[in-house]
Amino acid sequence: MDILIGTSVLISIVLLGALLSAANERQRKALDGIREQVEAWAEEDILIKREKVARSIQIESPLDWLEKTAANALGLIPGILSTSLWEKDGLTALVAIRKDGGRLIFTPAPRDRFLATVKLKKRGALAQAETGLLGDKPEKVAHFDLSVVTSSMFFDIEAGHVWQALSGQSLPAKRLTMFEVPPCTGSK
């Protein structure tokens, strides 16, 4: 009789443990579902708020915005005087002339593609006298990737406004690559 009672108590405990495990698993799945819904809601809420703010974003001075964005990346104020549009082989760039004679080049093209386009292909005597957009050694020019991750939460929207104002074209990407070309020293 003791064996029967002991066995039934043991079976009851195992059964109770199995029921508790099943209930805990159901509860875990329900909590995971709630967590996923809250995350989706929060993401959607941020996108809605961002969209509302995006409609009100106005860039008063595109040059000041370029100056501020470049200063954040460089750690110093570059002193941009003017910009001009550069185009070659379907690529575009804004060339910003600095007070110290250097240039900042802003392009939506990825670094490697832009470098392939601006490299001087000729090696004759006249070609050596010519300096390319990024100088004699474009692959050694400092570059910075500018995006919502590295600049600001509204970088893509602001950059689109600035690009439109300065180039007359819409920005084809949500990021820019900035090259810092030092001033020419006059010696080779």
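Counting of residues starts from 1 at the beginning of each chain's written sequence and follows it residue by residue. This being a predicted model, a pLDDT of at least 70 is required before a residue's local features are given, and a value of 80 or more before pairs of side-chain atoms are given or counted; all residues contribute to the totals for chains, interfaces and linings. Hydrogen atoms and water are omitted, and side-chain values are computed over all heavy atoms in the structure.

One side-chain nitrogen of Lys or Arg within 4 Å of one carboxyl oxygen of Asp or Glu is enough to make a salt bridge. For the structure shown, the criterion picks out nine salt bridges. With its nearest N and O atoms 3.7 Å apart, the salt bridge here joins Arg111 to Asp112. The exposure class assigned to Asp112 is exposed, which follows from its relative accessible area of 58%. To sort residues, take the accessible area from a 1.4 Å probe on protein chains only and compare it with the maximum for the residue type: under 20% means buried, over 50% means exposed, and anything in between is partly exposed.

Attention now moves to the confidence of the model for the protein. Scored from 0 to 100, pLDDT reflects the predictor's confidence in each residue. Per-residue confidence for the protein averages 87 on the pLDDT scale, and 91% of its residues sit at or above 70. Note on contacts: a residue pair qualifies if any of its non-hydrogen atoms lie within 4.5 Å across the two residues. The low-confidence segment residues 126-130, where pLDDT is below 50, has seven contacts with residues more than four positions distant or belonging to other chains.

Bringing the packing of aromatic side chains into the picture now. Stacked, tilted and edge-to-face are the three classes applied to pairs of Phe, Tyr and Trp rings, where Trp contributes its six-membered ring and a pair requires centres within 6.5 Å; stacked means planes under 30 degrees apart, edge-to-face means over 60, and tilted covers the rest. Tallied over the entire structure, the rule returns three aromatic pairs. Geometrically, the ring pair formed by Trp86 and Phe114 is edge-to-face, given 5.4 Å between the ring centres and 70° between the ring planes. Of this pair, Trp86 sits in strand β1 (residues 80-88) while Phe114 sits in helix α3 (residues 111-118), and the two are 28 residues apart along the sequence. The two residues Trp86 and Phe114 agree in class, both being buried. Connected via pairs of aromatic rings, a cluster forms that spans Trp86, Phe114 and Phe179. Each helix is a run of H or I in the DSSP string that is no shorter than four residues. Each strand is a run of E no shorter than two, and both are numbered from the N terminus.

Strand pairing is assigned whenever DSSP detects at least two bridges linking the two strands. Strand order in the open sheet made by the five strands is β1-β2-β3-β5-β4, with antiparallel pairing throughout. Whereas interior strands pair on both sides, the edge strands pair on one side only; in this sheet they are β1 and β4 (142-146). Each strand axis lies, on average, 20° off the axis of its neighbour in the sheet, ignoring direction. Note that β1 and strand β2 (residues 91-98) share eight bridges and pair antiparallel. Residue pairing in the sheet places Trp86 in a bridge with Ala93 of β2. In this description, a line fitted to the C-alpha atoms serves as the axis of each element, helices being fitted only across the stretch in contact, and the angle between N-to-C directions of two axes falls anywhere from 0 to 180 degrees.

A few words now on unusual backbone geometry. Positive phi, normally seen in glycine, also occurs at Asp89, with a value near 50°. With respect to the helices and strands, Asp89 occurs in the loop between β1 and β2. For Asp89, a relative accessible area of 62% gives the class exposed.

This part takes up the packing of helix α2 (residues 62-74) against helix α5 (residues 155-167). Closest axis-to-axis distance for the α2/α5 pair is 9 Å, and the angle between their directions is 135°. For the element pair α2 / α5, the angle class is oblique. As α2 runs across α5, the sense of the crossing is left-handed. Along its contact with α2, which presents Pro62, Trp65, Leu66 and Thr69, the element α5 presents Phe155, Glu158, Ala159, Val162, Ala165 and Leu166. Here the nonpolar group is Ala, Val, Leu, Ile, Met, Phe, Trp, Tyr, Cys and Pro; Asp, Glu, Lys and Arg are the charged ones; every other residue, Gly included, is treated as polar. Looking at the contact of α2 with α5, its residues break down into eight nonpolar, one polar and one charged. We call two directions roughly parallel when the angle between them is under 35 degrees, roughly antiparallel when it is over 145, roughly perpendicular when it lies between 65 and 115, and oblique otherwise. Left-handed describes a crossing whose near helix is turned anticlockwise from the far helix through less than a right angle; right-handed describes the clockwise counterpart.

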